[in-house]
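What follows is the residue order along each chain.
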Amino acid sequence: MVVSADLVRELDAVGDWGLLATDAGLVVTGWNRWLERASGWPAAAVLGRGLLDLFPDLAARGLERYYRQALAGQTAILSQQFHKYVLPIPTPVPGAPQSLMQQSVRVLPLVTGRHAGGTLTLVADVTERVVRDAELRARGRQQASLAQSARAALAGHDIVELCGDAVRRLAETVCAELAEVLELLPGGGDWGRLAGAGWAEPSALLRPGTSPRIDAALRSEGAVALGDPGGGAPLDPDLKAGGAASGLVVRIPGRGPRPFGLLGAYTRAPRRFTPDEIQYAQSLADIIGSAVERKRLETELRLRAKELADADRRKDEFLAMLAHELRNPLAPVRNAVYVLQSTKADDPDVARLAGILGRQVGQMAHLVDDLLDVSRLTSGKVTLHRERVALADAIGRAVETARPLIESRRHELVVSVPPDPIPLDADPTRLTQIFGNLLNNAAKYTDPGGRIELSAAREADRAVVRVRDNGIGLSPEMLLRAFDLFTQELRTLDRAQGGLGIGLTLVRNLVELHGGSVEAHSAGPGRGSEFVVRLPALATGAAGAGAAGPPAPAAPATHRLLIVDDNVDSAESLAELLSLSGHTVRTAHDGPAALRDAAAHPPGVVLLDIGLPRMSGYEVATRLRQVPGLRDVTLIAMTGYGQDDDRRRSQEAGFNHHLVKPVDLNEVTALLLSIPASPHAP
């Protein structure tokens with residue numbers, strides 16, 4: 001492209017650019033008003049002077065050749081990306097590299113006639129675009145750096161590792177030679193360098209009053225400039241020793257008014273940090289602060305979880321011990337009741353009093369069992385032992401369990417079950433507990449002489465059991481929380497049968513464990529209640545592979561028994577009771593005595609308490625198995641410890657059976673009948 005003198009005049013009139021014309025000797029012949037304004041040099045001071053005299057660095061930077069090419073008739077395009085500028089003209093635009101105007105330049109041949117008689121330089125100011133693009137790139141780097149730091153914080157990286165990564169990113173992003181995280185150490189006095197980049201030596205401890213950067217940061221809510229050319233806070237001696245001339249520090253937030261520490265970046269050349277750089281450093285400090293707080297919360301949560309687990313363990317241990325200590329005194333009372341009922345059945349006063357004692361002992365044992373069960377259910381420690389069960393059988397056992405309470409309050413009980421069996425895949429013991437608790441609940445909350453109805457039916461693939469009473473009913477508020485733990489309607493002094501408020505909680509949890517549901521209905525206070533249980537039912541037909549036929553009648557058997565219990569009343573009353581059934585019974589009250597007695601009088605069955613003094617029941621069981629002639633003896637754990645772990649431990653120790661105090665006479669009798677007579681039978 002060639003340019004005539006006339007075109008130059010037209011370009012100067014219409015364009016927003018600088019025009020510099022020279023003759024063939026590169027003497028300045030034209031300097032337009034744009035260049036006068038931009039450079040501050042009037043045309044009179046420039047015209048007639050040599051271009052290379054005015055701008056000697058053109059030759060030093062190798063740009064002179066482009067003018068020689070123009071004189072030879074070639075056009076040169078000089079991009080800002082490669083040359084930054086051609087004419088060293090200052091610019092007021094903040095952030096411009098070297099504070100010089102960034103230029104896009106064309107050097108063209110200036111034609112007079114048919115030959116190039118000079119050059120024309122067109123200068124376009126692209127400084128603002130360059131600064132804007134640089135800011136956008138810097139923001140992109142800052143955002144990428146913040147995103148990486150945030151990901152590291154969310155990933156739960158170690159705080160020292162996170163801070164080390166953060167100071168490296170800070171130094172790279174803001175072009176700082178030094179960066180650091182200072183941590184406020186426990187005690188609130190000294191500060192130490194937790195992480196650093198560019199430091200030759202570790203930092204000594206710093207203290208407020210002796211460190212200008214710490215003092216300035218603690219006084220300010222925002223970022224603090226150090227050694228700023230415009231007047232910043234003074235630099236610390238260690239920063240000066242490291243060659244720093246300028247710096248930036250921001251607080252890393254902590255818990256409450258106490259900061260976690262400071263984040264700093266320092267340069268060896270004097271400079272001012274841009275608002276974007278200050279915002280980036282503050283955001284990075286906030287990420288570090290959030291990560292530190294998250295780590296603290298995680299640590300606190302772990303400690304809290306451990307404390308709760310320990311408390312839950314201690315609670316379980318306490319409940320197990322409480323149950324043991326409550327059951328132990330109940331055992332001799334129940335045994336005495338059985339003896340009275342067996343030997344004084346013809347005395348109506350004794351029979352009546354024995355019935356009262358029996359019912360109250362049963363109620364106490366029921367409360368202890370419920371208390372343990374609700375604790376295990378709420379902590380997810382209950383496992384169902386499923387088998388094919390006929391619904392009517394489970395209801396029958398529940399009725400027998402609740403009958404003493406129902407009869408003591410003179411209720412009328414009406415039970416309606418269909419003639420066709422409704423099979424369930426369920427835990428038979430827990431089914432009995434579900435329906436027994438509902439019947440007990442109805443009996444407690446119905447005034448004496450009331451009516452209780454229990455009905456069962458199949459509805460599609462569900463077994464539906466309804467327990468209805470004409471008792472005190474439930475208010476709308478109580479219906480919403482009838483199954484909540486420790487909830488009772490009308491907890492007043494006159495509700496003598498109120499219980500602990502855990503029976504319905506057990507019902508709901510056990511029903512849900514079976515995949516069913518339970519609902520409470522009531523028309524209001526004084527209008528009775530209805531509880532509806534829905535459980536998955538199996539298809540009717542032949543019993544499953546696991547179903548067992550009716551047991552063969554067992555021939556009555558008597559045994560030589562050894563009862564080992566440190567509760568003398570419990571041991572002696574049970575011995576007297578079992579003697580009435582024809583068994584030969586001996587007693588011992590600690591482990592060594594039991595071993596001596598077994599060796600001298602080999603028993604066929606040993607009913608052995610676990611919580612014995614001097615030697616535990618587990619150890620006694622192990623040693624009995626080692627005595628010649630007693631390896632096949634039947635061992636029955638008879639203890640106040642009845643949780644799943646207790647049953648597992650007794651099985652591992654060699655026990656054949658596990659009974660929980662106070663033992664039920666029918667259960668003991670049935671168990672002894674099921675054991676074949678041993679060589680040591682009387």
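Definitions and limits used
- Residues numbered from 1 in each chain as written.
- Predicted model: local features only at pLDDT ≥ 70, side-chain atom pairs only at ≥ 80, totals over all residues.
- Heavy atoms only, no water.
- Helix = DSSP H or I, 4+ residues; strand = E, 2+ residues; numbered from the N terminus.
- Buried < 20%, exposed > 50% of the residue type's maximum accessible area, 1.4 Å probe, protein only.
- Contact = heavy atoms within 4.5 Å.
- Areas by Shrake-Rupley, 256 points an atom, 1.4 Å probe, with all protein chains shown as cover.
- Salt bridge = Lys/Arg side-chain N within 4 Å of Asp/Glu carboxyl O.
- Axes fitted to C-alpha atoms, helices over the stretch in contact; angles between N-to-C directions.
- Parallel < 35°, antiparallel > 145°, perpendicular 65-115°, else oblique.
- Nonpolar A, V, L, I, M, F, W, Y, C, P; charged D, E, K, R; others polar.
- Core = buried A, V, L, I, M, F, W, Y, C linked by side-chain atoms within 4.5 Å.
- Pairing = 2+ DSSP bridges.
- Polar contact = N/O pair within 3.5 Å; in protein donor to acceptor, adjacent residues only side chain to side chain.
- Left-handed = near helix turned anticlockwise from the far one by under 90°.
- Expected span 1.5 Å × (residues − 1).
- Bend = angle between axes of the 7 residues up to and from the residue.
- Arc of directions from axis to C-beta.
- pLDDT = per-residue confidence, 0-100.
- Phe/Tyr/Trp six-rings, centres within 6.5 Å; stacked < 30°, edge-to-face > 60°.

Colleague: Tell me what's going on with the overall build of the protein chain, and back it up with residues and numbers.
Modeller: Regarding its fold elements, the protein chain presents 22 helices and 23 strands. By the burial criterion, 45% of the 682 residues in the protein chain qualify as buried. In the protein chain, the proportion of contacts linking residues at least 24 apart, taken out of those at least 6 apart, comes to 63%. In the structure as shown, the protein chain presents an accessible area of about 33500 Å², 54% of it carried by carbon and sulfur atoms.

Colleague: Any details on the pattern of salt bridges? Residues and values, ideally.
Modeller: Going through the model one piece at a time under the given rule, you end up with 31 salt bridges. The residue Glu 293 makes a salt bridge to Arg 255 at a minimum N-O spacing of 2.7 Å. Within this pair, whereas Glu 293 is found in helix H12 (residues 275–343), its partner Arg 255 is found in the loop between strand S10 (246–252) and strand S11 (261–267), the two being separated by 38 residues in sequence. Residue class for Glu 293 comes out partly exposed when judged on its relative accessible area of 23%. Residue Glu 619 pairs with Arg 623 through a salt bridge whose shortest N-O separation is 2.9 Å.

Colleague: Help me get a handle on the packing of helix H8 (residues 127–154) against helix H9 (residues 159–173), residues and values and all.
Modeller: Running from N to C, H8 and H9 point in directions that differ by 180°, and their axes come no closer than 10 Å. In terms of orientation, H8 and H9 fall into the roughly antiparallel class. Contacts between H8 and H9 pair Arg 141, Gln 142, Ser 145, Gln 148, Ser 149, Ala 152 and Ala 153 from the former with Leu 162, Asp 165, Arg 169 and Thr 173 from the latter. Class assignment for the residues of the contact of H8 with H9 results in three nonpolar, five polar and three charged.

Colleague: How would you summarise the nonpolar core if you had to cite specific residues and measurements?
Modeller: The biggest cluster of nonpolar side chains holds 39 residues, and the ones touching the most others in it are Leu 391, Leu 424, Leu 431 and Phe 435. Put simply, the parts of the chain that give this core at least two residues each are helix H14 (391–408), strand S14 (423–426), helix H15 (428–444), strand S15 (451–459), strand S16 (462–469), helix H17 (503–513), strand S17 (517–521) and strand S18 (529–536). Examining the composition of this core, we find that eight residues originate from one element, H14, more than from any other. Leu 146, Leu 162, Cys 163 and Leu 248 belong to the second-largest nonpolar core, a separate cluster that totals 31 residues.

Colleague: Explain the sheet that holds S15 to me, using residue names and the numbers behind them.
Modeller: Adjacent strands of a sheet pair through backbone hydrogen bonds, lying either parallel or antiparallel. In space, the five strands of this open sheet follow the order S13-S15-S16-S18-S17, with mixed pairing throughout. For this open sheet the edge positions go to strand S13 (412–416) and S17, each flanked by a neighbour on one side alone. Neighbour-to-neighbour, the strand axes of the sheet open up by a mean angle of 15°, direction not taken into account. Strand contacts of H15: S13, S15, S16 and S18, with the helix running at about 175° to S18, the strand carrying the most contacts.

Colleague: Describe the side chain of Thr 119, listing the residues and the values that go with them.
Modeller: By the element assignment, Thr 119 lies in strand S6 (residues 115–125). Taking relative accessible area as the criterion, Thr 119 reaches 0% and is therefore assigned buried. Reaching out from Thr 119, the side chain makes a polar contact with the side chain of Thr 22 at a distance of 2.5 Å.

Colleague: Now, about the sheet that holds strand S9 (residues 224–226): what can you tell me, with residues and values included?
Modeller: Read across the open sheet, the five strands follow the order S8-S7-S11-S10-S9; overall the sheet is antiparallel. Only two strands of the sheet have a single partner each, and these edge strands are strand S8 (191–197) and S9. Strand after strand, the sheet turns through a mean of 25° between neighbouring axes, direction not considered. The pairing of strand S7 (residues 178–184) with S8 spans six bridges and is classified as antiparallel. By the bridge assignment for S8, Glu 180 is matched with Gly 196.

Colleague: Which residues make up the packing of helix H19 (residues 591–600) against helix H20 (residues 617–626), and what values do they have?
Modeller: Where H19 contacts H20, the axes come no closer than 10 Å and their chain directions differ by 20°. When the axis of H19 is compared with that of H20, the two are roughly parallel. Considering how the two elements wind past one another, H19 and H20 form a crossing that is right-handed. Note on element contacts: H20 touches H19 through Val 620, Arg 623 and Leu 624, opposite Gly 591, Ala 594, Leu 595 and Ala 598. Residues belonging to the contact of H19 with H20 are distributed by class as follows: five nonpolar, one polar and one charged.

Colleague: Go over H14, please, and point to the residues and values.
Modeller: In a regular helix each residue adds 1.5 Å, so 18 residues correspond to 26 Å; H14 covers 26 Å between its end C-alpha atoms and thus fits that length. Largest kink in H14: about 50°, centred on Ala 402, with the proline Pro 404 one to four residues after it. Where H14 is concerned, the buried positions are Leu 391, Ala 394, Ile 395, Ala 398, Val 399, Ala 402, Leu 405 and Ile 406. On its buried face, H14 is in contact with strand S12 (387–390), S13, S14, H15, S15 and S16. Looking one or two places after H14, you find Arg 410, whose phi comes out positive at around 60°.

Colleague: Can you break down H20 residue by residue, with the values?
Modeller: Restricting attention to buried positions, one finds in H20 the residues Gly 617, Tyr 618, Val 620, Ala 621 and Leu 624. Buried residues of H20, seen end-on, are gathered within an arc of 165° and therefore sit on one face of the element. Taken together, the buried residues of H20 touch H19, strand S21 (605–608), strand S22 (634–639) and helix H21 (644–652).

Colleague: For the confidence of the model for the protein chain, give the residues involved together with the corresponding values.
Modeller: Predicted confidence across the protein chain gives a mean pLDDT of 84, with 87% of residues reaching 70 or more. Mean pLDDT per element in the protein chain: strand S1 (residues 3–4) is the minimum at 52, and S16 is the maximum at 96. Low pLDDT (under 50) marks residues 490–497, which in the prediction has eleven contacts with non-local residues, meaning those over four places away or in another chain. When the criterion is pLDDT under 50, residues 542–555 qualifies, and its contacts beyond four places in sequence or with other chains add up to six contacts.

Colleague: Describe the pairing of strand S23 (residues 657–660), listing the residues and the values that go with them.
Modeller: Where S22 and S23 come together, four bridges link them in parallel fashion. Note on S23: the bridge partner recorded for Met 638 is Leu 659.

Colleague: Go over the packing of aromatic side chains with me, naming the residues and quoting the values.
Modeller: Evaluation of the coordinates by the stated rule reveals five aromatic pairs. Ring geometry for Trp 41 and Phe 55: centres 5.7 Å apart, planes at 20°, overall stacked. Within this pair, whereas Trp 41 is found in the loop between helix H2 (33–39) and helix H3 (43–46), its partner Phe 55 is found in the loop between helix H4 (51–54) and helix H5 (57–60), the two being separated by 14 residues in sequence. Trp 41 sits in the partly exposed class, given a relative accessible area of 35%.

Colleague: Lay out the side chain of Ser 211 in plain terms, naming residues and giving numbers.
Modeller: Mapped onto the elements, Ser 211 comes out in the loop between S8 and helix H10 (212–219). For Ser 211, the residues in contact, after removing those within four places along its chain, are Leu 206 and Asp 236.

Colleague: Lay out unusual backbone geometry in plain terms, naming residues and giving numbers.
Modeller: Note that the residue after Lys 661, namely Pro 662, is joined by a cis bond; omega there is -10°. If you trace the backbone, Pro 662 turns up in the loop between S23 and helix H22 (665–674). Phi is positive for Leu 26, which is not a glycine, with a value near 60°. For Leu 26, the position within the fold is in the loop between strand S2 (18–23) and strand S3 (28–31). For Leu 26, a relative accessible area of 4% puts it in the buried group.

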